[in-house]
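# Residue-level structural notes
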Amino acid sequence: MEKIHVYFMPGLAASPTIFERIQLPNDQFEIHLLEWFVPKEKQTLGDYAKKMAEQVRHKNIILVGVSFGGILVQEMKQFLNLKKVIIISSVKSNKEFPRRMKIAKTTKAYKLIPVALFENIENLAKYAFGDYIKQRVKLYEKFLSVRDKKYLTWAIESVILWERTEIDDEIIHIHGLEDEVFPVKYIKEFIPVKGGTHIMILNKYKWLNENLPKIMLEN
């Protein structure tokens, strides 16, 4: 049987290393990791998606996106020959955004987010109190690789201003029941993961490794 090529897109500012614990059967799947690049001046999400799609070298692939990466792969769909699109810890339209994100759009509060903080995340560690926060900072240091201010400003704005209002029925959506960024009360039609938070790609990898192959092979 010919292997299925699976392309993974990480979340906002995240490195492809977030997929280091994901394992698919070698005889059935071949994994490819996509990486964020710094957008051009005033580049739209659609144009960015088209450029990212050019990095896909195979046909009839499965595209998997996490969080903002889940939004991007939905925009990439129109430019590619795809078998499936799977999103994890993400949303299928702006109607699934929590209220705070809708308010941020209306008030333009997203423009006030201090993206410079992300650029110097190592400095944040000095001010972290408690083991839990220090642990989080270590995670961020390892997995948040894109610190470019231009990228961060573009990415935050692209999420908040995402225009999709209609849900694509072909999208397969896997979502944690404890997701704090995109609470499930706003999400429709998804495969639930008990105890899954927004970073379940890291801490629910056993569930994903067990279930992703079945989901990918379903007709």
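For the structure itself, consult the block above.
Report follows, based on the coordinates. (Residues numbered from 1 in each chain as written. Predicted model: local features only at pLDDT ≥ 70, side-chain atom pairs only at ≥ 80, totals over all residues. Heavy atoms only, no water.)

## Overview of the environment of Lys206
- Counting through the fold element by element, Lys206 comes out in helix α9 (residues 205-217).
- When the C-alpha positions of Lys206 and Ile22 are compared, they lie 8.1 Å apart, and in sequence the two are 184 residues distant. (Helix = DSSP H or I, 4+ residues; strand = E, 2+ residues; numbered from the N terminus.)

## Section: the environment of Lys188
- Relative to the elements of secondary structure, Lys188 occurs in the loop between β5 (172-176) and β6 (191-193).
- Measuring from C-alpha to C-alpha, the distance between Lys188 and His173 comes to 9.1 Å, with 15 residues separating the pair along the chain.
- Other than its neighbours up to four places away in sequence, Lys188 contacts Lys92, Glu96 and His173. (Contact = heavy atoms within 4.5 Å.)

## With respect to unusual backbone geometry
- Even without a glycine there, the phi angle at Lys42 is positive, about 55°.
- Here Lys42 shows up in the loop between β2 (29-33) and α1 (45-53).
- Of note in this structure, Glu189 is not a glycine but carries a positive phi near 45°.
- Locating Glu189 in the fold gives a position in the loop between β5 and β6.
- The exposed category is assigned to Glu189, whose relative accessible area is 71%. (Buried < 20%, exposed > 50% of the residue type's maximum accessible area, 1.4 Å probe, protein only.)

## What about the nonpolar core?
- In this structure, Met76, Ile86, Tyr151 and Met216 are the most contacted members of the largest nonpolar core, which totals 62 residues.
- Ranked by residues supplied to this core, first place goes to helix α7 (residues 149-160) with six residues. (Core = buried A, V, L, I, M, F, W, Y, C linked by side-chain atoms within 4.5 Å.)

## Considering α9
- Taking 1.5 Å as the rise per residue, α9 with 13 residues should run 18 Å; its terminal C-alpha atoms sit 18 Å apart, in good agreement.
- Roughly 35° is the biggest bend found in α9, and it falls at Asn211, with proline Pro213 one to four residues downstream.
- Listed as buried for α9 are Leu208, Asn209, Asn211, Leu212, Pro213, Ile215 and Met216. (Expected span 1.5 Å × (residues − 1). Bend = angle between axes of the 7 residues up to and from the residue.)

## Some points on the sheet that holds strand β3 (residues 61-66)
- Pairing is parallel in the open sheet, where six strands are placed in the order β2-β1-β3-β4-β5-β6. If you trace the sheet from one side to the other, it starts and ends with β2 and β6, each paired once. On average, adjacent strands in this sheet sit at an angle of 20° to one another, irrespective of strand direction.
- Relative to β6, β5 runs parallel, the two being bridged by three bridges. (Pairing = 2+ DSSP bridges. Axes fitted to C-alpha atoms, helices over the stretch in contact; angles between N-to-C directions.)

## Here's the deal with the packing of aromatic side chains
- Scanning the model with the defined rule gives ten aromatic pairs in all.
- When the centroid spacing of 5.0 Å and the interplanar angle of 5° are considered together, the rings of Trp36 and Phe68 count as stacked. With a gap of 32 residues between them, Trp36 in the loop between β2 and α1 and Phe68 in helix α2 (residues 68-76) connect regions that are remote in the sequence.
- Since its relative accessible area comes to 2%, Phe68 is described here as buried.
- Aromatic rings pair up to connect Trp36, Phe37, Tyr48, Phe68, Tyr151 and Trp154 into one cluster. (Phe/Tyr/Trp six-rings, centres within 6.5 Å; stacked < 30°, edge-to-face > 60°.)

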